[in-house]
Amino acid sequence: QLQLVESGGGLVQPGGSLRLSCAASGFTLNSYAVGWFRQAPGKEREGISCISDSAVANYVDSVKGRFTISRDNAQNTVYLQMNSLKPEDTAAYYCAATPVQCHGTVGLYQYWGQGTQVTVSS
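Residues numbered from 1 in each chain as written. Predicted model: local features only at pLDDT ≥ 70, side-chain atom pairs only at ≥ 80, totals over all residues. Heavy atoms only, no water.

Draft legend 1. Just the environment of Gly15, in detail. With respect to the helices, strands and loops of the structure, Gly15 is situated in the loop between β2 (10–12) and β3 (18–25). Owing to a relative accessible area of 52%, Gly15 belongs among the exposed residues under this scheme. For the pair Gly15 and Val34, spaced 19 residues apart in the sequence, the C-alpha separation amounts to 26 Å. Gly15 has contacts with Ser84 and Leu85, leaving out every residue within four places of it along the chain. (Helix = DSSP H or I, 4+ residues; strand = E, 2+ residues; numbered from the N terminus. Buried < 20%, exposed > 50% of the residue type's maximum accessible area, 1.4 Å probe, protein only. Contact = heavy atoms within 4.5 Å.)

Now the structure itself:
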């Protein structure tokens, strides 16, 4: 019963904002880094942001300056604030947890959510 659950996705117009949440169930996020990934149809799953156990944030260039990752350990939740959304951001968004430090190896993330759909369209 160890899982992550994403929420907050939806349909927004270009330039709009969404805040995604990643809530842990069955374990405590305190000692984990949490990454956000996205996958558009026909494309590889892409890491876009990650926050370490000590709240050091990382972003891929395509979202840097537009997205902000944060964590609230008291709520056992990680957030992704997405601003200035573009049609290219349309994808299923997933969060995943890995011990302590961020990294880009998808296969080493231990826990995954089921995804939440973000669609950016006019």
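Draft legend 2. Region of the structure containing the side chain of Thr98. Here Thr98 shows up in strand β9 (residues 91–99). Among the polar contacts made by the side chain of Thr98, one reaches the side chain of His103 at a distance of 2.7 Å. For Thr98, the side chain forms a polar contact with the main-chain oxygen of Leu108, separated by 3.4 Å. Discounting residues that sit within four places of it in the chain, Thr98 has contacts with Tyr32, Ala33, His103, Leu108 and Tyr109. (Polar contact = N/O pair within 3.5 Å; in protein donor to acceptor, adjacent residues only side chain to side chain.)

Draft legend 3. Focus on the pattern of salt bridges. Scanning the model with the defined rule gives four salt bridges in all. With a closest N to O distance of 2.8 Å, Asp89 and Arg66 form a salt bridge. Of the two residues, Asp89 sits in the loop between β8 (77–82) and β9 while Arg66 sits in the loop between β6 (57–59) and β7 (67–72), which places them 23 residues apart along the sequence. Classification of Asp89 as buried rests on a relative accessible area of 1%. By relative accessible area, Arg66 is classed as buried at 11%. Counted as one network, the salt bridges with shared partners bring together Arg38, Glu46, Arg66 and Asp89. (Salt bridge = Lys/Arg side-chain N within 4 Å of Asp/Glu carboxyl O.)

Draft legend 4. Spatial organisation of the nonpolar core. Formed by 27 residues in total, the largest nonpolar core has its most connected members in Leu4, Leu29, Trp36, Leu80, Met82 and Tyr93. Put simply, the parts of the chain that give this core at least two residues each are β3, β4 (32–39), β5 (46–51), β7, β8, β9 and β11 (116–120). The contacts of Tyr93, once residues within four sequence positions are left out, are Glu6, Leu20, Trp36, Phe37, Arg38, Ile48, Phe67, Leu80, Met82, Gly115, Thr116 and Val118. The next biggest cluster of nonpolar side chains, apart from the first, holds five residues, and it includes Ala33, Cys50, Ala96 and Tyr109. (Core = buried A, V, L, I, M, F, W, Y, C linked by side-chain atoms within 4.5 Å.)

Draft legend 5. Focus on the packing of aromatic side chains. Enumeration over the complete set of coordinates arrives at six aromatic pairs. Ring geometry for Phe27 against Tyr32: centres 5.3 Å apart, planes inclined by 75°, an arrangement best described as edge-to-face. For Phe27, a relative accessible area of 11% puts it in the buried group. Three or more aromatic residues joined by ring pairs make a cluster, and in this case those are Phe27, Tyr32 and Tyr111. Its end group placed over the ring of Tyr79, Arg19 keeps NZ or CZ at 4.3 Å from the ring centre. Above the plane of the ring of Tyr94 lies Arg45, whose end atom (NZ or CZ) is 3.9 Å from the centre. (Phe/Tyr/Trp six-rings, centres within 6.5 Å; stacked < 30°, edge-to-face > 60°. Lys NZ or Arg CZ within 6 Å of the ring centre and 35° of its normal.)

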